[in-house]
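Structural overview
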Amino acid sequence: MKLNKLVLSTVAAATLMSVNAVAFDAEISYERECQGCHGPAHQGGVGSDIRPDVIKGKNAQMLAETILEGRAGTAMPPHNAILSKGDASAMVDYLQHFMGKKEMVLTLDAVKAKWRTFNDRMKLFKKYPKAADVSDAKDICFVTERDASKVTFLDGTKGTKLSTHPAGFAVHVTVTNKRQPRYAYSISRDGLLTMFDLNSKGQQKIAEVRVGSESRGLAVSPDGKYVMAGNYTPGGAVLCDAMTLEPLKVYPTSSVINNEGNIESSRVASIADTPYGPYFAFALKDAGHVYIVDYSKPDFPVVGDIPNIGNILHDAFLNEGKEIGRYYMIASQGSDLIGIVDFKTKSLAAKVYTGSKAKPHPGQGSSWYNEEYGQLHATVNMNVGQVTIWDNNWDVVRHIPTGGGALFVGTSEHTPWIWADNVLGGPANWNKVHLVNKQHLEVDRIIEVGKKEGKLIDAKSHKTIASWKVPTSKVVPRILHAEPANHGQWTMISEWNTGRIGIYEATTGKFVKYITGLTTPTFTYSIEHRQTIPGA
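Overview of the structure. Here the structure is a predicted model, which is why all the values come from computation and not from measurement.

A word on the pairing of strand E17 (residues 289-294)
Extensive coverage of E17 is indicated by the burial of 6 of its 6 residues. Of the two faces of E17, the one holding His 289, Tyr 291 and Val 293 and the one holding Val 290, Ile 292 and Asp 294 are both buried throughout. As defined by bridge partners, strand E16 (residues 279-284) adjoins E17 across 6 bridges and the pair is classed as antiparallel. Across the sheet, residue Phe 282 finds its bridge partner in E17, namely Tyr 291. Hairpin geometry of E16 and E17 is characterised by an intervening segment of 4 residues between the two adjacent antiparallel strands and by a positive phi of about 80° at Gly 288. Bridge count between E17 and strand E18 (residues 302-306): 4 bridges; the pairing is antiparallel. Within the sheet, the bridge partner assigned to Tyr 291 lies in E18 and is Asp 305.

Digging into the environment of Val 512
Note on placement: Val 512 falls in strand E36 (residues 511-515). Val 512 sits 10 residues away from Gly 502 along the chain, and the two C-alpha atoms are 7.6 Å apart. If near-sequence neighbours (up to four positions away) are discounted, Val 512 is found in contact with Trp 490, Ile 503, Tyr 504 and Glu 505.

Considerations on the packing of aromatic side chains
Two aromatic rings, taken as a pair, are described by how far apart their centres are and by the angle between their planes. Under the criterion given, the structure shown has 19 aromatic pairs. Taking the centre distance of 6.0 Å and the plane angle of 75° together, the rings of Phe 142 and Phe 196 count as edge-to-face. Highlighted residues: Phe 142 in strand E2 (residues 140-145) and Phe 196 in strand E7 (residues 192-197), separated in sequence by 54 residues. Both rings, one in Phe 153 and one in Phe 196, keep their centres 5.2 Å apart while their planes meet at 75°; by these two values the pair is edge-to-face. With a gap of 43 residues between them, Phe 153 in strand E3 (residues 150-155) and Phe 196 in strand E7 connect regions that are remote in the sequence.

Quick notes on the sheet that holds E36
One open sheet holds the 4 strands; their spatial order is E33-E34-E35-E36, and the pairing between them is antiparallel. Each edge of the sheet is formed by a strand with only one pairing partner; in this case those strands are strand E33 (479-485) and E36. Looking at each pair of strands side by side, their axes are set apart by 25° on average, direction ignored. Across 6 bridges, the pairing between strand E34 (residues 490-495) and strand E35 (residues 500-505) is antiparallel. When the sheet's bridge partners are listed, Met 492 is paired in E35 with Ile 503.

Considerations on the side chain of Ser 186
Among the secondary structure elements, Ser 186 is positioned in strand E6 (residues 183-188). Apart from the residues lying within four places of it in its own chain, the contact partners of Ser 186 are Phe 142, Val 151, Ala 167, Val 171, Val 173, Thr 174, Leu 192, Leu 193, Thr 194, Phe 196 and Leu 218.

A few points about the environment of Gly 236
Note that Gly 236 resides in strand E11 (residues 236-241). In this structure Gly 236 comes out as buried when scored by relative accessible area, which is 0%. For the pair Gly 236 and Ala 283, spaced 47 residues apart in sequence, the C-alpha to C-alpha distance is 9.7 Å. What Gly 236 contacts, discounting residues up to four positions off in sequence, is Leu 106, Ala 229, Gly 230, Asn 231, Tyr 251, Pro 252, Thr 253, Ser 266 and Val 268.

Things to note about the side chain of Glu 495
As for its position among the elements, Glu 495 is in strand E34. A relative accessible area of 1% means that Glu 495 is categorised as buried. Excluding its chain neighbours within four sequence positions, the residues that come into contact with Glu 495 are Val 449, Pro 477, Arg 478, Ile 479, Arg 500, Tyr 514 and Pro 521.

What about the packing of helix H2 (residues 26-33) against helix H6 (residues 85-96)?
Contact pair H2 / H6: the axes reach a minimum separation of 9 Å and the direction vectors enclose 90°. Judged on the interaxial angle alone, H6 and H2 are roughly perpendicular. Counting all contacts with H2, which are made through Ala 26, Glu 27, Ser 29 and Tyr 30, the residues of H6 involved are Ala 90, Met 91, Tyr 94 and Leu 95. Of the residues that constitute the contact of H2 with H6, the class distribution is 6 nonpolar, 1 polar and 1 charged.

Examining the pattern of salt bridges
In the structure shown here, the tally under the stated rule is 16 salt bridges. Of the charged contacts, one joins Glu 214 and Arg 216 as a salt bridge, the two residues approaching to 2.8 Å between their closest N and O atoms. Taking the relative accessible area as the measure of exposure, Arg 216 reaches 5% and is therefore buried. A salt bridge links Arg 267 to Asp 286, with the nearest nitrogen and oxygen atoms 2.7 Å apart. One end of the pair, Arg 267, is in the loop between strand E14 (263-264) and strand E15 (268-273); the other, Asp 286, is in the loop between E16 and E17, and 19 residues separate them in sequence. Asp 286 matches Arg 267 in its accessibility class, with the two residues each being buried. What emerges from the salt-bridge pattern is a single network uniting Glu 323, Arg 326 and Asp 342.

Side note on the sheet that holds strand E5 (residues 171-176)
Note: strands within a sheet are paired through backbone hydrogen bonds, in either parallel or antiparallel orientation. Strand order in the open sheet made by the 5 strands is E1-E8-E7-E6-E5, with antiparallel pairing throughout. A single partner strand is all that each edge strand has here, and the edge strands are strand E1 (115-117) and E5. Each neighbouring strand pair of the sheet contributes to a mean axis angle of 15°, computed without reference to strand direction. Pairing geometry for E7 and strand E8 (residues 205-210), over 5 bridges, is antiparallel. Residue pairing for E8: Met 195 is matched across the bridge by Ala 207.

As for the nonpolar core
In terms of nonpolar packing, the biggest core is built from 40 residues, with Tyr 185, Leu 193 and Leu 218 touching the most fellow members. Top contributing element to this core by residue count: E6, with 4 residues.

Observations concerning the packing of helix H5 (residues 60-69) against H6
Running from N to C, H5 and H6 cross one another at 120°; their axes reach a closest spacing of 9 Å. One element, H5, and the other, H6, form an angle in the oblique class. Judged by the twist between their axes, the crossing of H5 over H6 is right-handed. Within the contact between the two elements, H5 uses Ala 60, Leu 63, Ala 64, Ile 67 and Leu 68 and H6 uses Lys 85, Ala 88, Ser 89, Met 91, Val 92 and Gln 96. A class-by-class count of the residues in the contact of H5 with H6 yields 8 nonpolar, 2 polar and 1 charged.

Reading the values: the criteria
Residues numbered from 1 in each chain as written. Predicted model: local features only at pLDDT ≥ 70, side-chain atom pairs only at ≥ 80, totals over all residues. Heavy atoms only, no water. Buried < 20%, exposed > 50% of the residue type's maximum accessible area, 1.4 Å probe, protein only. Helix = DSSP H or I, 4+ residues; strand = E, 2+ residues; numbered from the N terminus. Pairing = 2+ DSSP bridges. Contact = heavy atoms within 4.5 Å. Phe/Tyr/Trp six-rings, centres within 6.5 Å; stacked < 30°, edge-to-face > 60°. Axes fitted to C-alpha atoms, helices over the stretch in contact; angles between N-to-C directions. Parallel < 35°, antiparallel > 145°, perpendicular 65-115°, else oblique. Nonpolar A, V, L, I, M, F, W, Y, C, P; charged D, E, K, R; others polar. Salt bridge = Lys/Arg side-chain N within 4 Å of Asp/Glu carboxyl O. Core = buried A, V, L, I, M, F, W, Y, C linked by side-chain atoms within 4.5 Å. Left-handed = near helix turned anticlockwise from the far one by under 90°.

Read these as spatial facts, not as claims about activity.
Now the structure itself:
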C-alpha cells in the first residue's frame, strides 16, 4: 500500500509541474514493450514468468532496477531511455498486483469497421505508370522508425530520403507485393496495416485497416492478391485483399489446443507466404502449432495443422536453393530450436536445436549455397553470442561465436558473408556486426562503430582494415539489421539509438556514407532484394 501511495504521489507531482504531463499507464506500456517476451498473461516465454505468485514477494526496488538497467546475458534490454524511476516503480506495482484481463476475440465485423481508403488506387495507377521519385520502384527501401511511429522511404541507390508517413506505433514489419512491386505494406505493433503506392509521388497511402491492438507478422501472396497479418491481441490472423486492404476472413486463436493438450488463447507470431504453393503459414506463438492456409480455395481454409513444434514460437524464414520455399523454418524460443515445417507434406520435418537457453531469433534469416555442405541456413540467438548453421539434413554443422545476443542475420548473392548483429550483447558488443564467411564458416571481419570513429577490423589479426569518422555521439551506437541495397552493391545497417543508417560496401565491408535524421531506425527493407527472398 505504501508503494501505491508513493507511485500516486510521483504521478501527481509530475502532473503539477506541467499541465502537458501525461500520467504513465503501466498496462499500455506493458502491452507495447513487455508482452512480446513475457506474455499477455505475464506467464513468461522468452522472458521470465512475472505473474504475481512469482514476483509478489520480491524486492520492488530491485525489480524496478532490472526494468531500468536490463539483465546482462539475456534478451532483457535496459528501459532507462524511455522509462523514469517513477515509471519503473509503477510498472512493478502493476505487475505485483496484476488481476488478469478479459480475453478479446477476433471478429471480421470489428476489423472491417476499422478499414478506410485514402486514395483511388486505379487513378494513381494511371497517373503514375512509372515511379515518380526514383528510376524504378524496386530502388526504394523502407525504414521503420520505431519510436516515431513512422515509416520513411529511401532511394536505395543514392542513400537519400524520399518521404515519411505516420504508420502506427513501433512499425514492426514491412513487405512488398512481388507480383506488383509498386505496392508495399507495413504492420505496426498497435495493429495498423497500411498500404502504399511506391510509384506515386511521395509514396502515397492507398488504404489502412486496424486489424487488432497488438500485431506482428505480415505476408503477401506471390500472386499479389492477398495480404495476411498476425495479431497478438486479439489473438489470430486476418486475411485482406492486397489491392484494397478489405478484410476478407479472420482466423481467431482465442481458443486453441496447446502442446500439453489444454485449451488456451494464443498469439500469432510469424506469417509467411511461399512460392512453393498457394499457402500462407502462421505460427501460434503460445500453442506451439503452425497453421497452413490455402488461399486458392473458396473461403481460404486451413489445410494443415502442425502441432508440438515447441514452446513460444516467434520469427521464421524459408529455404532458398532447390525446392525454394518448401521449408518454413520457425524459431521456438521456449524450446531453443528451429522447427522445420514442410509445405509439401504439411508436417514437421525436423527440429534443429540451437543450444541450451539460446533463444533463436533468425529475423530475416540466411540461406545460401556452401561448396562443402550444400544449402545452409543460419540464425542468430538472443541470449548467446553465436550464429547457428545447419544443412538440408537438418544437422547443425557449426556454432560460430560472435560478440553477444542478437536479433538479425542476413545475406545476399552479392556478398561473401552473412552479416550478424550483436544488438542485445551489451554496450561492449552491441556496436558490432560480425561478417561470417559463407564458405569457410568463420568470422572474417567485424564492423565496429564507436562514439567518434568507426572501424572495419580483420577478425584474425585484429588489425584495422579501414576507419572513418562518425557524427559525434554521447552513446555507444546500437547497430542492427544488415540489409542489401543498391543492386547488391551496398549493405545498410541501422543505428538504433543515434538515428542513423550506415551504408557499407557489400563485397568489402568498407564504410560508404550515413543517412541521418531518423528516429530509432530498426528494420530496413529493400524492395529489390526482397523480390528474390521467399516468404519475405
